[in-house]
Amino acid sequence: QVQVVESGGDLVQPGGSLRLSCVASGTISSINHMSWYRQAPGKQRELVATLSRGGKTNYTDFVKDRFTISGDTAKHTMNLQMSALKPDDTAVYYCSANARSGPVWYTDYWGQGTQVTVTS
């Protein structure tokens, strides 16, 4: 069993910054990658950024120059430093870990989300 918990969401003004954190715990043999997703009201969940084993990072184009992902999949931790926030960034942000747990091959485990609200 794997548990994923994200934190750090808050209400901020446009142009502000936030740092989100994610921790995976439980019976984890290995993590292939950890990702941040977000879902705004009335919209589908979308990928924001991914941290892969070995340190490779990938970003969705519209946040690439403002958000920075960091962490260590081997330590089951990941962060998302968000700068120059815009109202369109308002969403529930979710963390997922693609992990192998004992005899169970790689599968996705999800947190319950943390709310980010950007408004003046």
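Up top is the structure these notes are about.
Anyway, here's the lowdown on the structure attached to this text. Worth saying up front: this structure is predicted, and the values here are computed from it rather than measured.

The next subject is the sheet that holds strand E7 (residues 67–72). With antiparallel pairing, the 4 strands of this open sheet are ordered in space as E1-E3-E8-E7. A single partner strand is all that each edge strand has here, and the edge strands are strand E1 (2–7) and E7. Shown here is a sheet whose adjacent strand axes are inclined to one another by a mean of 15 degrees, direction ignored. One ladder, built from 6 bridges, connects E1 with strand E3 (residues 18–26); its direction is antiparallel.

Turning to the state of the cysteines, a few remarks are in order. In this structure the tally under the stated criterion is 1 disulfide. Each disulfide pairs two cysteine sulfurs, and for cysteine 22 the partner residue is cysteine 95, the sulfurs being separated by 1.9 Å. Where cysteine 22 bonds to cysteine 95 through sulfur, the torsion about that S-S bond is close to -75 degrees, and the disulfide is left-handed. Taken as a pair, cysteine 22 in strand E3 and cysteine 95 in strand E9 (residues 91–101) lie far apart in primary sequence, 73 residues in all. For cysteine 22, a relative accessible area of 1% gives the class buried.

Now for the side chain of serine 52. Looking at the secondary structure, you find serine 52 in strand E5 (residues 46–52). Those residues within four positions of serine 52 in sequence are excluded, and the remaining contacts are Asn32, His33 and Thr73.

All chains considered together, the criterion is met by 3 salt bridges. Among the salt bridges present, the one from arginine 38 reaches glutamate 46, with a minimum N-O distance of 2.9 Å. Classification of arginine 38 as buried rests on a relative accessible area of 5%. A relative accessible area of 31% places glutamate 46 in the partly exposed class. Between arginine 38 and aspartate 89 there is a salt bridge, with its nearest N and O atoms 2.9 Å apart. Of this pair, arginine 38 sits in strand E4 (residues 30–39) while aspartate 89 sits in the loop between strand E8 (77–82) and E9, placing them 51 residues apart in sequence. Residue classification places aspartate 89 among the buried positions, given a relative accessible area of 1%. One network of salt bridges, in which partners are shared, links Arg38, Glu46, Arg66 and Asp89.

Evaluated as defined, the whole model comprises 2 aromatic pairs. Seen in terms of ring centroids, tyrosine 37 and tryptophan 110 are 4.9 Å apart; in terms of plane orientation they differ by 55 degrees. Their pairing is tilted. Of this pair, tyrosine 37 sits in strand E4 while tryptophan 110 sits in strand E10 (residues 104–110), and the two are 73 residues apart along the sequence. The partly exposed category is assigned to tyrosine 37, whose relative accessible area is 21%. Exposure remark for tryptophan 110: the relative accessible area of 34% places this residue in the partly exposed category. Taking the centre distance of 4.9 Å and the plane angle of 80 degrees together, the rings of tryptophan 105 and tyrosine 106 count as edge-to-face. Taking relative accessible area as the criterion, tryptophan 105 reaches 62% and is therefore assigned exposed. Its guanidinium or amino end placed over the ring of tyrosine 94, arginine 45 lies 3.7 Å from that ring's centre, counting from NZ or CZ. Of note, arginine 45 hangs over the ring of tryptophan 110, and the distance from its end group to the ring centre comes to 4.9 Å.

Quick notes on the rules
Residues numbered from 1 in each chain as written. Predicted model: local features only at pLDDT ≥ 70, side-chain atom pairs only at ≥ 80, totals over all residues. Heavy atoms only, no water. Pairing = 2+ DSSP bridges. Helix = DSSP H or I, 4+ residues; strand = E, 2+ residues; numbered from the N terminus. Axes fitted to C-alpha atoms, helices over the stretch in contact; angles between N-to-C directions. Disulfide = S-S within 2.5 Å. Buried < 20%, exposed > 50% of the residue type's maximum accessible area, 1.4 Å probe, protein only. Contact = heavy atoms within 4.5 Å. Salt bridge = Lys/Arg side-chain N within 4 Å of Asp/Glu carboxyl O. Phe/Tyr/Trp six-rings, centres within 6.5 Å; stacked < 30°, edge-to-face > 60°. Lys NZ or Arg CZ within 6 Å of the ring centre and 35° of its normal.

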